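Next come the chains, spelled out residue by residue.
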Amino acid sequence: VLGLRFNATGREVRRAYRLLSLRHHPDKCRDPLGKGAAKRRFLEVKAAHDVLAGGRRRRYNRELADAITREFLSGAPVR
């Protein structure tokens, strides 16, 4: 949603969020018919930022890496 690499830094996450939130903010939309689409896109950008900016991102990445390692070592699929 933010167009970032998997290993993006916190600074890159903030910059992408700032640019996209300004671009898709419903109050900045000049087309009255496009306000609904702008609001949906803005909320997607905000949700992506909330996930990536917090500690949940690091925890998710760590848990994913652990699950992949377990799957690789045991040969059993991760559920």
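Note: the structure precedes this text.
The structure contained in this document is the topic of the report that follows. These figures come from a predicted structure and were not determined experimentally.

**Examining the side chain of Ser-21**
In step 1: Inspection of the secondary structure assignment puts Ser-21 in helix α1 (residues 10-24).
In step 2: In terms of polar contacts, Ser-21 uses its side chain to reach the backbone carbonyl oxygen of Arg-18, at 3.1 Å.
In step 3: Apart from residues lying up to four places away in sequence, Ser-21 is in contact with Phe-42 and Val-45.

**Description of a nonpolar patch on the surface**
In step 1: Where nonpolar side chains cluster on the molecular surface, the patch consists of Tyr-60, Leu-64 and Ile-68 and spans about 290 Å² of accessible area.
In step 2: Along the chain, the position of Ile-68 falls in helix α3 (residues 55-74).
In step 3: Relative accessible area serves as the criterion here: at 48%, Ile-68 is assigned to the partly exposed category.

**Considerations on the nonpolar core**
In step 1: In terms of nonpolar packing, the biggest core is built from eight residues, these being Leu-2, Ala-8, Val-13, Ala-16, Tyr-17, Leu-20, Val-45 and Ala-48.
In step 2: For this core, the secondary structure elements donating two or more residues are α1 and α2 (35-53).

**Some remarks on α1**
In step 1: The terminal C-alpha atoms of α1, which comprises 15 residues, lie 21 Å apart, in line with the 21 Å expected from a rise of 1.5 Å per residue.
In step 2: Looking only at α1, the buried set comprises Val-13, Ala-16, Tyr-17, Leu-20 and Ser-21. Viewed end-on, α1 has its buried residues packed into an arc of 125°, placing them on one side of the element. For α1, the exposed residues set more than 90 degrees away from the buried face come down to Arg-11, Arg-15, Leu-22 and Arg-23.

**Comments concerning the side chain of His-49**
In step 1: Locating His-49 in the fold gives a position in helix α2.
In step 2: Residues within four places of His-49 in sequence aside, it is in contact with Leu-2, Val-13 and Tyr-17.

**Remarks on the pattern of salt bridges**
In step 1: Overall, the coordinates contain three salt bridges when judged by the stated rule.
In step 2: With its nearest N and O atoms 3.5 Å apart, the salt bridge here joins Glu-44 to Arg-41. Within this pair, Glu-44 and its partner Arg-41 are both found in helix α2, separated by three residues, close to a single helical turn.
In step 3: The partly exposed category is assigned to Arg-41, whose relative accessible area is 25%.
In step 4: A salt bridge links Asp-50 to Lys-46, with the shortest nitrogen-to-oxygen separation between them at 3.2 Å. Of this pair, Asp-50 and Lys-46 both sit in helix α2, separated by four residues, roughly a single helical turn.
In step 5: By relative accessible area, Lys-46 is classed as partly exposed at 34%.

What counts as what
- Residues numbered from 1 in each chain as written.
- Predicted model: local features only at pLDDT ≥ 70, side-chain atom pairs only at ≥ 80, totals over all residues.
- Heavy atoms only, no water.
- Helix = DSSP H or I, 4+ residues; strand = E, 2+ residues; numbered from the N terminus.
- Polar contact = N/O pair within 3.5 Å; in protein donor to acceptor, adjacent residues only side chain to side chain.
- Contact = heavy atoms within 4.5 Å.
- Patch = residues over 30% accessible without salt bridge, like charges linked within 9 Å, V, L, I, M, F, W, Y side chains within 5 Å.
- Areas by Shrake-Rupley, 256 points an atom, 1.4 Å probe, with all protein chains shown as cover.
- Salt bridge = Lys/Arg side-chain N within 4 Å of Asp/Glu carboxyl O.
- Buried < 20%, exposed > 50% of the residue type's maximum accessible area, 1.4 Å probe, protein only.
- Core = buried A, V, L, I, M, F, W, Y, C linked by side-chain atoms within 4.5 Å.
- Expected span 1.5 Å × (residues − 1).
- Arc of directions from axis to C-beta.

Distances and angles like these do not, on their own, reveal function.
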